[in-house]
Amino acid sequence: MSMTNPLKKFLPCVILDLDGTLLNTDGIVSDVLRVYLNKYGKQWDGKAAYRIVGKTPSEAAAVIVEDFGLPLSTDEFVSEITPMFSAQFDLQKGILEHFDGVELLLYLPCEYMWCKVKALPGANRLINHFRGHGVQMALASNSPRTNVDTKISYQPGWKESFSVIIGGDEVTAGKPSPEIPGVTAGKGADMKVVAVPSLPKQSHLYTSADEVINSLLDLRPEMWGLPPFEDWIEGTLPIEPWYIGGPVVKGFGRGSKVLGIPTANISTEGYSTLLQEHPSGVYFGWAGLSMKGVYKMVMSIGWNPYFDNAEKTIEPWLLHEFDEDFYGEELRLAIVGYIRPEANFSSLEDLIKRIHEDRKMAEKALELPLYSNYRNDEYLKISLPGDESH
């Protein structure tokens, strides 16, 4: 995200990137690579994605073949993976598309694919906010212009929100040239730049940006001379509710033992796509236990920088004193609000202190009607054997 004249009193112009900033197009490539590499006994966890950002198709393919030690040539890799996009989307015709620096030949009508791509959390909120306050917006993407238009056509209100839309085929030089601002390009054009990395644990790659934020949920427009958001309520941000559930499993063994905070962990198996859609951070909401009832909860999603998790996890803390463990019991979560991004801490004591602050904030917020009404969400009403009351 690049901004011109950021500190003047009149409203500045904001230039937004598309893939990986507003739209979750990274998920498409990740899904295909995850399936493809599995047949070679390899696992795609997204951490290698930064190595192919900005590469040409052949360069990106060569990186994947080399990094994962695949027993085939670059051309063979391209030949094998291309039809997988076709199979995933019931594809019919070929186009050349650009995914956050990776171009791949896909055989599909655009409408079949792009209607499946979701806006990233905070994208609609951001666009609606700027449009409502008369802030001029431009959209700059390395994707061909026709594909940019197709992508945003499935997002209501987006196309008419932008005063200018530029595709990669409409300029002489794409990113990192200032003709189409990305982080490097934006700085090259003497703009203020806020980076929103789409890849995990890669903030250190964006040191040239004026600010690096975890997701669009964390943007504070007032820092850049823009109208502030007015939807934060007592330090919490209402979000579109989302749901996840499963049997309670043993976690990392650090909740009660190390932190003194008993988390009720659920397996993330089968939920990789869902978790990929939501930024890491601290959230809150309601938890339904099949044998006990519904309780307030606060939870973290992500890699927990202090412990440096290898995988993205979900760790809910049910805000109730239980007399016994309930491993194996069905747990359902309704996530209704956001508190803050993940953060690292210099000491375990500081981490514990912040977790308890999150608890107090969640407990207080969940008393508000905006959030408390979700206590009665049908998803949380887990029927017991022989119980017809639900």
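Residues numbered from 1 in each chain as written. Predicted model: local features only at pLDDT ≥ 70, side-chain atom pairs only at ≥ 80, totals over all residues. Heavy atoms only, no water.

Helices and strands together make up the secondary structure of the chain, namely 11 helices and 14 strands. The buried share of the chain, reckoned over its 390 residues, is 49%. Contacts spanning at least 24 positions in sequence make up 66% of the contacts within the chain whose residues lie at least 6 apart. Carbon and sulfur atoms provide 51% of the accessible area of the chain, an area that totals close to 18,500 Å². (Helix = DSSP H or I, 4+ residues; strand = E, 2+ residues; numbered from the N terminus. Buried < 20%, exposed > 50% of the residue type's maximum accessible area, 1.4 Å probe, protein only. Contact = heavy atoms within 4.5 Å. Areas by Shrake-Rupley, 256 points an atom, 1.4 Å probe, with all protein chains shown as cover.)

As a further point, take the pattern of salt bridges. A complete count under the given rule lists 16 salt bridges for this structure. In this structure, the salt-bridge partner of Lys296 is Glu367, at a minimum N-O distance of 2.5 Å. Pair noted here: Lys296 is in strand β12 (residues 293-302) and Glu367 is in the loop between α10 (348-365) and α11 (369-372), with a separation of 71 residues, a long-range link. Residue classification places Lys296 among the buried positions, given a relative accessible area of 16%. With relative accessibility at 54%, the residue Glu367 sits in the exposed group. Here the residues in one salt-bridge network are Arg340, Arg354, Glu357 and Asp358, joined through shared partners. (Salt bridge = Lys/Arg side-chain N within 4 Å of Asp/Glu carboxyl O.)

The subject of this paragraph is unusual backbone geometry. Positive phi, close to 50°, is recorded for Glu234, a residue that is not glycine. Tracing the backbone shows Glu234 in the loop between β8 (211-212) and β9 (237-249). The partly exposed category is assigned to Glu234, whose relative accessible area is 46%.

With that settled, the discussion passes to the nonpolar core. One finds Leu22 and Leu333 to be the most contacted residues of the largest nonpolar core, which totals 53 residues. No other element matches β9, which puts five residues into this core. Look past the residues within four positions of Leu333 in its chain and what remains in contact with it is Trp242, Tyr243, Ile244, Ile266, Trp286, Ala287, Met297, Met299, Ile314, Pro316, Tyr379 and Leu380. Counting residues in each nonpolar core, the second largest holds 19 residues, with Ile261, Val336, Ala362 and Ala365 among its members. (Core = buried A, V, L, I, M, F, W, Y, C linked by side-chain atoms within 4.5 Å.)

So, on to the sheet that holds strand β10 (residues 265-266). Within the open sheet, the six strands sit side by side as β10-β9-β14-β11-β12-β13. Their pairing is antiparallel. For this open sheet the edge positions go to β10 and β13 (313-318), each flanked by a neighbour on one side alone. Sheet topology note: the strand β11 (residues 281-289)/β12 ladder contains nine bridges and is antiparallel. Looking at β12, one finds that Gly288 is bridged to Val294. (Pairing = 2+ DSSP bridges.)

Moving on: the environment of Phe322. Mapped onto the elements of the fold, Phe322 is located in the loop between β13 and β14 (330-340). Apart from the residues within four sequence positions on either side, Phe322 is in contact with Leu289, Lys292 and Tyr295.

With that out of the way, let us pick up the pairing of β12. Where burial is concerned, most of β12 is hidden: seven out of the 10 residues are buried. Hairpin remark: β11 followed by β12, antiparallel, with three residues in the connecting loop.

Taken as a whole and judged by the stated rule, the model has 10 aromatic pairs. Note on Tyr283 and Tyr338: the rings are 5.1 Å apart at their centroids and 65° apart in plane angle, and the pair reads as edge-to-face. Of this pair, Tyr283 sits in strand β11 while Tyr338 is found in strand β14, placing the two residues 55 residues apart along the sequence. The same class applies to Tyr283 as to Tyr338, namely buried. (Phe/Tyr/Trp six-rings, centres within 6.5 Å; stacked < 30°, edge-to-face > 60°.)

On to the side chain of Thr236, then. Along the chain, the position of Thr236 falls in the loop between β8 and β9. Side-chain polar atoms of Thr236 contact the side chain of Tyr371, separated by 3.0 Å. Once residues lying within four places of it in the same chain are set aside, the contact partners of Thr236 are Asp231, Phe284, Tyr338, Ile339, Met361, Ala365 and Tyr371. (Polar contact = N/O pair within 3.5 Å; in protein donor to acceptor, adjacent residues only side chain to side chain.)

What follows concerns the side chain of Ser161. When you line up the elements, Ser161 lands in the loop between α6 (145-153) and β6 (164-166). Relative accessible area serves as the criterion here: at 8%, Ser161 is assigned to the buried category. Side-chain polar atoms of Ser161 contact the side chain of Arg131, separated by 2.5 Å. Not counting the four nearest positions on each side in its chain, Ser161 is found in contact with Ile127, Arg131 and Met137.

With that settled, consider the confidence of the model for the chain. Of the residues in the chain, 80% reach a pLDDT of 70 or more, and the chain-wide mean stands at 81. Below a pLDDT of 50 lies the segment residues 6-11, which in the model reaches 11 contacts outside its immediate sequence neighbourhood of four places, other chains included. Ignoring residues within four places in sequence, the model shows residues 88-112, a span with pLDDT below 50, making 78 contacts including any to other chains. (pLDDT = per-residue confidence, 0-100.)

To continue, consider the environment of Val282. Along the chain, the position of Val282 falls in strand β11. Under the relative-accessibility criterion, Val282 is labelled buried at 7%. Along the backbone, Val282 and Pro341 are 59 residues apart, and their C-alpha atoms lie at a distance of 6.1 Å. Not counting the four nearest positions on each side in its chain, Val282 is found in contact with Val298, Met299, Ser300, Tyr338, Ile339, Arg340 and Asp358.

Our focus in this paragraph is the environment of Ala185. Structurally, Ala185 is set in helix α7 (residues 183-188). Expressed as a C-alpha distance, the spacing of Ala185 and Ser2, which sit 183 residues apart in the sequence, is 9.2 Å.

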